[in-house]
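Read off the chains here:
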Amino acid sequence: MSAEQFDVIVIGSGAGGGTLVHRLAPSGKRILLLERGDYVPREKENWSTRAVNLEGRYNTKEEWRDREGKALHPHTNYFVGGNTKFYGAALFRLRKEDFGELKHHGGLSPAWPISYEEMEPYYTAAEHLYQVHGNRGEDPTDPPASAPYRYPAVSHEPRIQQLSDDFAGLGLKPFHVPIGVMLNEQNPRKSACIRCATCDGHPCLVNAKSDAQTICVDPALEYPNVTLVTGAYVSRLETDASGRRVARVHVERHGAKETYAGDVVVVSAGAINSAALLLRSASDKHPRGLANGSDVVGRHYMGHINSVLMAVSKCPNPTVFQKTLAVNDFYFGAPDWQYPMGHISFVGKLDGDTLAAGAPAIAPGWTLELMGKHSLDFWLTSEDLPDPENRVTLDRDGRIVLSYKPNNEEGHKRLIAKLERLMQQQTKCAVHGHECHQGLFSRNLFLGQRIPLAGVAHQNGTIRFGNDPKTSALDANCRAHEVDNLYVVDASFFPSSGAVNPALTIMANALRVGDHLLQRLA
Ligand SMILES: Cc1cc2nc3c(=O)[nH]c(=O)nc-3n(C[C@H](O)[C@H](O)[C@H](O)COP(=O)(O)OP(=O)(O)OC[C@H]3O[C@@H](n4cnc5c(N)ncnc54)[C@H](O)[C@@H]3O)c2cc1C
Ligand code: SF4
């Protein structure tokens, strides 16, 4: 059976695949984008915390296994735009130092095969493409940038501004989170974004979030040379007899089997699914999995050490759009701790329904609803290190198995302790006046919640890039060392993960690989 032929096939339409297709679309090359999911339906439930967080309306119903063989229900989403449809759109660059080797308490964070300077122009391009709003230079750990943000930072609401002032009073350098929402605060009537409370974790009902579908896939589809096929689950990649070229892409679609062929095949199915796809594509020429002579495919899974920490106070927190403030003062350590600790920012405002899904211990005398009304909801991220035993494998039935043992946790614990101390030092309350505020923070309750294994939002590292084919699967252009026409552009390529959200780095790298592919195809 002959397969339909394309110049480039891209598998997965999220941060990596969607951005790459956008870059390649104007070239006139025949491009096929294969996406297992469909479009997120536009419906009222998009903005329902109950439907999204409690009922898991948009989560995949797929079941994976953990290393003990127990069922794992991953918090991940299969739709056009991938997980960017649901992300909080906090779009950070890795720090310059993250590209080099960094000593952590738990071991070494390895260097990348490319420098920050090589990535910098693509970070700028990705920030412009995804309409990132921010203030350059506020963050003391910000790497050098060749251009300012094109859009002003999203302003803090009063409670968050007050917290920012208090942090600054304590000698920190709080800053505005760089964020990809189409918000025009100067002209609210013309603003696509309405600054609502259901952004982080939710699809945007009014298409005002800078996600990969809205920003990249839909505009790319305006080009007649770009085709999107949804509902297209890529089950296997088959090489030619030499084993050096992917010859066919096997797809299962609405119960039928289809095959496609491309001069270049780019895998971008997310770090876990991409590794699983290469492992499923084992053959005589690639007995351990496609492009896996190094045996690294599936290994070094990282997902960050993430915690949600609610600082509950007697004073309510009426903030609607909470994810505007961050602190990186402890990113590389502190005077009393020489190792990196990580990043402090916020999740979207939590409410009772959201808290009911994975409920923390309820503070005495409080309901979940009340806690949600009175909490500042911090998100803390620290770097986990690439351990070869933390890995994606397949069980006998071909199901994904995710084995993960946390590491490098001490810095994270200390980061939490730092935040607790900072919250105890709060001195004033602008919302209810000084009277109300007195003694308030001495009665704060800190309720920590570590994100469980199923929380694979920041998955990365499973098909690492590097210069040495013995220790990496991809070269510095994200091309498989062993397969000439195979590339990977999702979060799999990370050799280390830093401690900021990953999406902007995935997008920037996709633009970088896009330029390489344009040269190759020319
Ligand atoms: C709730 C939430 C909040 C987040 N907030 C932030 C944030 O604020 N900032 C940030 O930087 N990051 C955030 N992230 C993480 C961010 O969304 C991811 O890092 C990013 O989307 C990963 O991009 P990717 O290209 O690697 O994979 P994805 O975006 O997941 O794309 C993979 C695509 O491949 C498709 N696919 C999978 N398997 C197959 C197959 N076999 N065949 C065909 N298609 C397939 C999937 O359906 C999906 O569309 C968040 C994630 C979540 C879930
Ligand atoms: S309207 Fe704005 S804040 Fe609300 S979901 Fe859309 S992008 Fe996010």
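Heads up: the structure comes first, above all this text.
As the structure is a prediction and not an experimental result, all values here were calculated from the model.

Chemist: When you look at the overall build of the protein chain in this model, what are you seeing that I'm missing?
Modeler: Along the backbone of the protein chain there are eleven helices and 19 strands. On C-alpha atoms alone, the protein chain measures out to a radius of gyration of 23 Å, which is about the 24 Å that the 2.2 N^0.38 rule sets for 522 residues. Along the first, second and third principal axes, the C-alpha set of the protein chain runs to 80 × 50 × 45 Å. When each of the 522 residues of the protein chain is scored for burial, the buried share is 60%. Counting contacts in the protein chain only where the partners sit at least 6 residues apart, residues at least 24 apart contribute 73% of the total. Carbon together with sulfur atoms contributes 51% to the accessible area of the protein chain, which is approximately 20,000 Å² in total. Considering the protein chain, the positive charge centre built from 55 side chains and the negative charge centre built from 58 side chains are found 1 Å apart.

Chemist: Can you walk me through the pairing of strand β10 (residues 246-253) in this structure?
Modeler: Residues in a regular strand project their side chains so that they alternate between the two faces of the sheet. Bridge count for strand β9 (residues 232-239) against β10 is seven bridges, and the pairing is antiparallel. Paired with E238 across the strands is R248, a residue of β10. What sits between β9 and β10 in their antiparallel hairpin is a turn of six residues, with G243 showing a positive phi close to 80°. Bridge count between β10 and strand β11 (residues 256-267): five bridges; the pairing is antiparallel. Looking at β11, one finds that H250 is bridged to T259. Linking β10 back to β11 in an antiparallel pair, the connection comprises two residues, with H254 at a positive phi of about 45°.

Chemist: I tried to follow helix α5 (residues 212-220) on my own but got confused; where do I start?
Modeler: It helps to recall that an α-helix has 3.6 residues per turn; residues three or four apart then point in one direction. A large share of α5 lies buried, amounting to seven of its nine residues. Taken together, the buried positions of α5 are occupied by A212, Q213, T214, I215, C216, V217 and A220.

Chemist: Honestly, the sheet that holds strand β16 (residues 391-394) in this entry has me stumped. Any pointers?
Modeler: Strands belonging to one sheet form pairs held by backbone hydrogen bonds; the direction of such a pair is parallel or antiparallel. Reading across from one edge, β4-β3-β17-β16 is the order of the four strands in this open sheet, with mixed pairing throughout. Two strands bound the open sheet, and with one partner strand each, they are β4 (71-72) and β16. With two bridges connecting them, strand β3 (residues 64-66) and strand β17 (residues 400-403) associate as parallel partners. If you follow D66 over to β17, its bridge partner there is L402. Packing of helix α6 (residues 271-280) onto the sheet brings it into contact with β3, β16 and β17, and relative to β16 it is tilted by some 45°.

Chemist: What is the right way to look at the site of ligand 1 in this model?
Modeler: Taken together, 37 residues lie around ligand 1, and G16, E35, N83, A90 and A503 are the ones closest in. Between ligand 1 and N501 there is a distance of 3.2 Å, counted from a nitrogen atom to a side-chain nitrogen or oxygen. For ligand 1, an oxygen atom lies 2.8 Å from a polar atom in the backbone of A503. For ligand 1, the accessible surface in isolation is 1,000 Å², of which the surrounding protein chains cover 94%. Ranked by residue count, the leading element in the shell around ligand 1 is β9, at three residues. When grouped by side-chain class, the residues that make up the shell around ligand 1 number 18 nonpolar, 14 polar and five charged.

Chemist: Whenever I open this one, the pattern of salt bridges confuses me. Can you help?
Modeler: Using the criterion set out here, one finds 28 salt bridges in the structure. Of the charged contacts in the structure, one is a salt bridge between R30 and E4, with a shortest N-O distance of 3.5 Å. Of this pair, R30 sits in the loop between α1 (15-24) and β2 (31-34) while E4 sits in strand β1 (residues 4-11), and the two are 26 residues apart along the sequence. Here E63 makes a salt bridge to R65, at a shortest N to O gap of 2.8 Å. Under the relative-accessibility criterion, E63 is labelled partly exposed at 29%.

Chemist: Help me understand the site of ligand 2, please; the structure alone is not making it clear to me.
Modeler: Around ligand 2, 13 residues are found, and the nearest of them are C193, I194, C196, C199 and C204. With respect to the detected pockets, ligand 2 is housed in the largest cavity. Broken down by class, the residue content of the shell around ligand 2 amounts to ten nonpolar, one polar and two charged.

Chemist: Any chance you could explain the packing of helix α3 (residues 116-129) against helix α11 (residues 503-521) here in plain terms?
Modeler: The contact between α3 and α11 brings their axes to 8 Å, and the two run at 115°. When the axis of α3 is compared with that of α11, the two are roughly perpendicular. Crossing of α3 against α11: the hand is right-handed. Of the residues in α11, those touching α3 at M119, Y122, Y123, A125, A126, E127 and L129 are L504, T505, M507, A508, N509, L511, R512 and D515.

Chemist: Even after reading the chapter, I still don't get empty space enclosed by the protein, so can you show me in this structure?
Modeler: Regions of empty space are outlined by a rolling probe, equal in size to a water molecule, passed over the atoms. Evaluation of the coordinates by the stated rule reveals five cavities of 30 Å³ or more. Every residue lining the largest cavity is counted, 15 residues in all, and those nearest its centre are W47, C193, C196, C199 and C204. In terms of residue class, the lining of the largest cavity is built from eleven nonpolar, two polar and two charged. Taken as a whole, the second largest cavity spans an internal volume of roughly 70 Å³. If you go around the second largest cavity, you meet 13 residues; those closest to its centre are H104, P340, M341, G342 and E383. Secondary structure elements with two or more residues in the lining of the second largest cavity: β5 (102-104) and α9 (410-424). For the lining of the second largest cavity, a count of residues per class yields five nonpolar, six polar and two charged.

Conventions used here
- Residues numbered from 1 in each chain as written.
- Chains lettered and ligands numbered in written order.
- Predicted model: local features only at pLDDT ≥ 70, side-chain atom pairs only at ≥ 80, totals over all residues.
- Heavy atoms only, no water.
- Helix = DSSP H or I, 4+ residues; strand = E, 2+ residues; numbered from the N terminus.
- Rg over C-alpha atoms; globule rule 2.2 N^0.38 Å.
- Buried < 20%, exposed > 50% of the residue type's maximum accessible area, 1.4 Å probe, protein only.
- Contact = heavy atoms within 4.5 Å.
- Areas by Shrake-Rupley, 256 points an atom, 1.4 Å probe, with all protein chains shown as cover.
- Lys, Arg positive; Asp, Glu negative; His and termini not counted.
- Charge placed at Lys NZ, Arg CZ, Asp CG, Glu CD.
- Pairing = 2+ DSSP bridges.
- Axes fitted to C-alpha atoms, helices over the stretch in contact; angles between N-to-C directions.
- Near = heavy atom within 4 Å.
- Polar contact = N/O pair within 3.5 Å; in protein donor to acceptor, adjacent residues only side chain to side chain.
- Nonpolar A, V, L, I, M, F, W, Y, C, P; charged D, E, K, R; others polar.
- Salt bridge = Lys/Arg side-chain N within 4 Å of Asp/Glu carboxyl O.
- 1 Å grid on protein atoms, 1.4 Å probe; cavity = no way out; pocket = protein on both sides within 12 Å on 5 of 7 lines; lining within 4 Å.
- Sits in = over half its atoms within 2 Å of the grid points.
- Parallel < 35°, antiparallel > 145°, perpendicular 65-115°, else oblique.
- Left-handed = near helix turned anticlockwise from the far one by under 90°.
- Points joined across faces, edges and corners; volume = space filled by probe spheres on them.

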